[in-house]
Amino acid sequence: MRELFSKRITGFINWHRNRRKHLLVNTLDLLLSDIRDHHPDHLMITGDLVNLATDIEIRLAGEWLESVGEPLATTVVPGNHDAYVPGAHDKSVKRWYPFIAGDDSPKDWPDDDHVFPTYRRRGPIAIIGCSTSLATPPFSATGFFSSRQARETVELLKKAGEEGLFRVVLIHHPPIRGAAARHKRMIGIRRFNAAMSMGGAELILHGHTHLDTVHFLKTHSGGQIPVVGIASASQGPGGHKPRAAYNLFTLTGEPGAWNLICERHGLTEAADAIGLDHTRLFYGHDPRQTPTMPLPEVVPQLST
């Protein structure tokens, strides 16, 4: 009860009046079971593992992550709910650090603000984790992308580009103007977009909006980077948000000739199974129409 005497009280009331009616645990279980059936190479989670960021929530979320898979095969970036009140961000990152830390990050949580951006190389893929997570006043859910993080993200993107890797950037708040309401927007969108233009990226995944969306970020060179969002992994039927879903990405090809397919798998109307909702080609051609192809890298995106 002591933890509720803060901004958490407004979130607690909102949860009981609205969100708890449609966010269901069994929905997440169904999604995870369906993900496992596809035997993905890597799982990417774009924030909001908890609601009020209480100590018990953070601990239970850590235990849930450990039940989902190995840290080397799961990458997490925090969301605004993971930093709901001052101090919560550090507690969340510390508890979930094995799933957050980059390949070259300190073995133990460094106890400072310089955890992000993180860099993980998995086969032909570079995963760059960014954070917009910070504590905000009541009735606000904004995120912030700093100048320091922008500079370091550019360097990591250039490094991955020089190695010929397919660069995936994870971030919680959508880096698209108008994609979120003003009180939920990302502060530093122009800075983030400049970093993407300077460093280069092939795919950006975000959470926060709980919507199945696709936008394109235009770069200074005239290119476009797909920016993909996904519904909450716990969203049941009957709400004003789309039912729970995850994106399954299949990557084949090579630098300069990538093939990327996104399949969206979502909760059925009856809420008793997960089905294929939508397929979209982002790069190249559909390799499934080719008689022979290299082993794909299959990567699901999950927003809790």
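Residues numbered from 1 in each chain as written. Predicted model: local features only at pLDDT ≥ 70, side-chain atom pairs only at ≥ 80, totals over all residues. Heavy atoms only, no water.

Some points on the confidence of the model for the protein
The cut-off we apply is this: Values of pLDDT, the confidence the predictor places in each residue, fall between 0 and 100. Two residues qualify as a contact provided that any one of their heavy atoms is within 4.5 Å of a heavy atom in the partner residue.
Summarising the model, the protein shows a mean pLDDT of 89, and 86% of its residues fall at 70 or more. Here residues 290-296 is a poorly scored stretch, pLDDT under 50, and it has nine contacts once near neighbours within four places are set aside; other chains count.

Topic: the sheet that holds strand 3 (residues 118-122)
The line we're drawing: Pairing between two strands requires that DSSP report at least two bridges joining them. Strands here are runs of E lasting at least two residues and helices are runs of H or I lasting at least four, both read from the DSSP assignment and numbered beginning at the N terminus. Each axis is a line fitted through C-alpha atoms, taken for helices only over the stretch in contact, and angles between the N-to-C directions span 0 to 180 degrees.
Pairing in this open sheet of six strands is mixed, and the strands run 3-4-6-8-10-9 from one edge to the other. The open sheet has two free edges, formed respectively by strand 3 and strand 9 (214-218), since each of these has just one partner strand. Taken pair by pair, the neighbouring strands of this sheet meet at an average axis angle of 25°, ignoring direction. Relative to strand 10 (residues 224-228), strand 9 runs antiparallel, the two sharing five bridges. When the bridges of strand 10 are listed, F216 appears paired with P226.

What about the pairing of strand 13 (residues 274-283)?
As paired strands, strand 12 (residues 257-267) and strand 13 are joined by eight bridges and run antiparallel to one another. Within the sheet, the bridge partner assigned to C262 lies in strand 13 and is R280. Counted along the chain from strand 12 to the antiparallel partner strand 13, the turn is six residues long, and its residue A271 has a positive phi close to 60°.

Some thoughts on the environment of R151
Selection criterion: When accessible area is computed with a 1.4 Å probe and restricted to protein chains, residues below 20% of their type maximum are described as buried, those above 50% as exposed, and intermediate ones as partly exposed.
You can see R151 is positioned in helix 6 (residues 147-162). For R151, a relative accessible area of 54% puts it in the exposed group. With 44 residues separating them in the primary sequence, R151 and A195 have C-alpha atoms 7.1 Å apart.

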